[in-house]
Structures are given as structure tokens and as C-alpha cells.
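# Summary of structural features
Here's the letter readout for the chains.
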Amino acid sequence: MNKYLVIGNPIDHSLSPKLHNYWFRENNIDALYEKKQIREADIKQIILDIRNGKIEGINVTVPFKKSVIPFLDKLEIPEKIQSVNTIYREKTIKGSNKIVGRNTDILGFKYSLEHIKYSAKGKKIFILGAGGVTPSIICALERMKPSTIMLSNRTKEKAKNLKKSFPQLELVEWGDIKNFDMIINTTSLGLKENEKIPINYDKIGSGKFFYDVIYNPKKTNFLLEAEKRGHQIENGKMMFVYQAQEAFSLFTMAPHVRMGLMPPINKKVLQLLEND
Ligand code: ATR
């Protein structure tokens, strides 16, 4: 039986095993996908296990998306981002033992917007946070040709660092609000029930789009405040599902094709994730 893992810390909340195991069953693939809480020092052994065939592939979540990189043989990610969430043994016809790192968060975010038919083209985008997932979101957004991408982070230094890779970013003081069409929370604020993002919601006009990368809880305070004022809201669930779909496709890739299985994202899949 082929073994897959999602690694992170914390990892309890992860719905990846549920989703991937469902897709494996649906496709009659004899595989088991589990979650594992790890420490930084465990990464080396896990990559070795992929090399030796004990593990077929892994997904990586907070806070290891960057720290796995030195252990990989081949990166298939945009140069500007140092973030890997999917790792597997390269499959080539000649045979290869290269360990490849990919990023499916970028497409996950893009597809989540397409899913609700939201076009960011020409829009003013305001990003909150400069953490692990933020570069992937900027990367996806810049391909959509928005008019502006503003970014605000509590620790200014991290925002400035991001601007080195993405010079088009307009940095905004933490707590300040500028005129925007779409605001995206990429911080971890809201994961805990009473956490609030320090912005003045009454200073924001009407008809804006609030997107939160967090999907558990379903509605963070950020989304609740927005909903109360009649703005459009979206949580990170579809981004999560689409990044998983891309990862599944990479895991099930055969040597002679670029893409593997693309399981449908239907009501049943969404229902599966609702029950938690
Ligand atoms: P990492 O920083 O290791 O990449 P992350 O969970 O991916 O971790 O990102 C955390 C994000 O949430 C950061 O933007 C962080 O802001 P700082 O860079 O200032 O730490 C933000 N964040 C977390 N707790 C916060 C808080 N209490 N107030 C404001 N921002 C917070």
C-alpha cells in the first residue's frame, strides 16, 4: 500500500487526509494518507523515506513550507517564492530518484476565485499579512493583472522583504485602511475565536469582497464583521480543496504524462469537509 503524509505543526486540524483518502478510494487506489506532527529535525528522515520509497508523497503545511527546500533535488516553483507544499519522487520513463518540490497553493487560490467567478483584473487588492502563504497569493494575483496590490503586516520588516521579490507591492501601515475592491486576510488572526484584526470596518465603503485564507472556523471575525455590513465574503475552503486536487494530480502522475488524476470537486467532496 502506498503511503502519503501531510506534515506540519500543529496538524490536528488538517482535512487533507480525509480528502485524499476519499479520492484514493474513489479511484480504487490502494493508498493511505495520514497526518503527522513533526519537528524541524524530522524533515531529513521524512525526505529520506520518500527517496527510499517508504513514502510516496507528502504535503507540507505551516511552518515547514520553506524549511523543506534544502532537502529537495528539484524545485518546480516560481523563483520568487520559497514555499513548497507538495513533495514526491519524480516519475520519468527512464527512472529517476529525484525528489521534487512543487507549490499548489498558487493554483488553489486562482481556482478558488474562478469557482465563484470573481475577476481580480483591474481591481485594487489589499493583502493583510506577510506569512508563509502570502507569496503564493501575490504570485497568483499578479498573473490576474489587478490595478494595485497593497500589503500591510504587523512586522514591517517582513512586508519590506516581500517587496524585494514583488516590487509592485504598495506597503501600508498595519491598522491603516486604503481604498480597495478586495481584501485578503493571510494572517493567522482569526484561527482562535476571539482574535480580531485591528481595522476600522466602518471606514470601509460598501460592496467590497472579503477573502479569508482561514477555513476553520468557517467565518472568522473578519468575515463576520464584513458580512454584517453586507460585503461579499469567502473563506479559504475552496483554496484548500483546489490545492489538494492539484497535489492529488501530482501524486498520481504516470511517467509519460504531465498530469495525473483530476478528481472532480462536487457536492459530495464539499459535504465531506462540512461534517467536521
Ligand atoms: P510565519 O510568520 O512563520 O510564516 P504564518 O502563520 O505563515 O507564520 O504567518 C503569520 C502571519 O500572521 C504573519 O503575517 C503575522 O504577522 P507578523 O509578521 O507581524 O508576525 C500575522 N500575525 C500572527 N499573529 C498576529 C497578531 N497577533 N497580530 C498581527 N498579525 C499577526
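Read on for a plain summary of the structure. (Residues numbered from 1 in each chain as written. Predicted model: local features only at pLDDT ≥ 70, side-chain atom pairs only at ≥ 80, totals over all residues. Heavy atoms only, no water.)

### Things to note about the site of the ligand
Around the ligand lies a shell formed by G129, A130, G131, G132, N153, R154, T155, K158, W174, T187, S188 and L189. A distance of 2.7 Å separates an oxygen atom of the ligand from a polar backbone atom of G132. The side chain of R154 places a nitrogen or oxygen atom 2.9 Å from an oxygen atom of the ligand. Considered on its own, the ligand offers 620 Å² of accessible surface; in the complex 70% of this is hidden by protein. When the residues that make up the shell around the ligand are grouped by side-chain class, the tally is three nonpolar, seven polar and two charged. (Near = heavy atom within 4 Å. Polar contact = N/O pair within 3.5 Å; in protein donor to acceptor, adjacent residues only side chain to side chain. Areas by Shrake-Rupley, 256 points an atom, 1.4 Å probe, with all protein chains shown as cover. Nonpolar A, V, L, I, M, F, W, Y, C, P; charged D, E, K, R; others polar.)

### Overview of the packing of aromatic side chains
Evaluated as defined, the whole model comprises 13 aromatic pairs. When the centroid spacing of 5.1 Å and the interplanar angle of 65° are considered together, the rings of F109 and Y211 count as edge-to-face. Highlighted residues: F109 in helix α3 (residues 105-115) and Y211 in strand β11 (residues 209-212), separated in sequence by 102 residues. As far as the burial class goes, F109 and Y211 line up, both buried. Members of the aromatic cluster, each reached through a chain of ring pairs, are Y4, W23, F24, F248 and F251. Across from the ring centre of Y118, 4.5 Å away, lies the NZ or CZ of K123, which sits over that ring. When the ring centre of F180 is taken as origin, the NZ or CZ atom of K208, which lies over that ring, is 5.8 Å away. (Phe/Tyr/Trp six-rings, centres within 6.5 Å; stacked < 30°, edge-to-face > 60°. Helix = DSSP H or I, 4+ residues; strand = E, 2+ residues; numbered from the N terminus. Buried < 20%, exposed > 50% of the residue type's maximum accessible area, 1.4 Å probe, protein only. Lys NZ or Arg CZ within 6 Å of the ring centre and 35° of its normal.)

### Side note on α3
Looking at α3, one finds that the buried residues are D105, I106, G108, F109, S112 and L113. Residues of α3 that are buried make contact with α4 (134-143), β10 (182-185), β11 and α7 (237-251). K117 lies just past α3 and shows a positive phi near 55°. (Contact = heavy atoms within 4.5 Å.)

### Some points on the environment of K178
Position of K178 among the secondary structure elements: in the loop between β9 (170-171) and β10. When the C-alpha atoms of K178 and R258 are compared, they prove to be 42 Å apart, with 80 residues separating the residues in sequence. With residues up to four places along the chain from it excluded, the contact list for K178 reads F126, M150 and V172.

### Points about the pairing of strand β5 (residues 86-89)
Walk down a regular strand and you will see the side chains alternate between the two sheet faces. By the alternation rule, side chains of β5 split into T86 and Y88 and I87 and R89, which are all buried. With three bridges joining them, strand β3 (residues 57-60) and β5 adopt antiparallel strand pairing. The residue bridging G57 from the neighbouring strand is Y88, located in β5. Bridging between β5 and strand β6 (residues 99-102) involves four bridges; their strand directions are antiparallel. Following the sheet pairing, R89 is matched in β6 by I99. (Pairing = 2+ DSSP bridges.)

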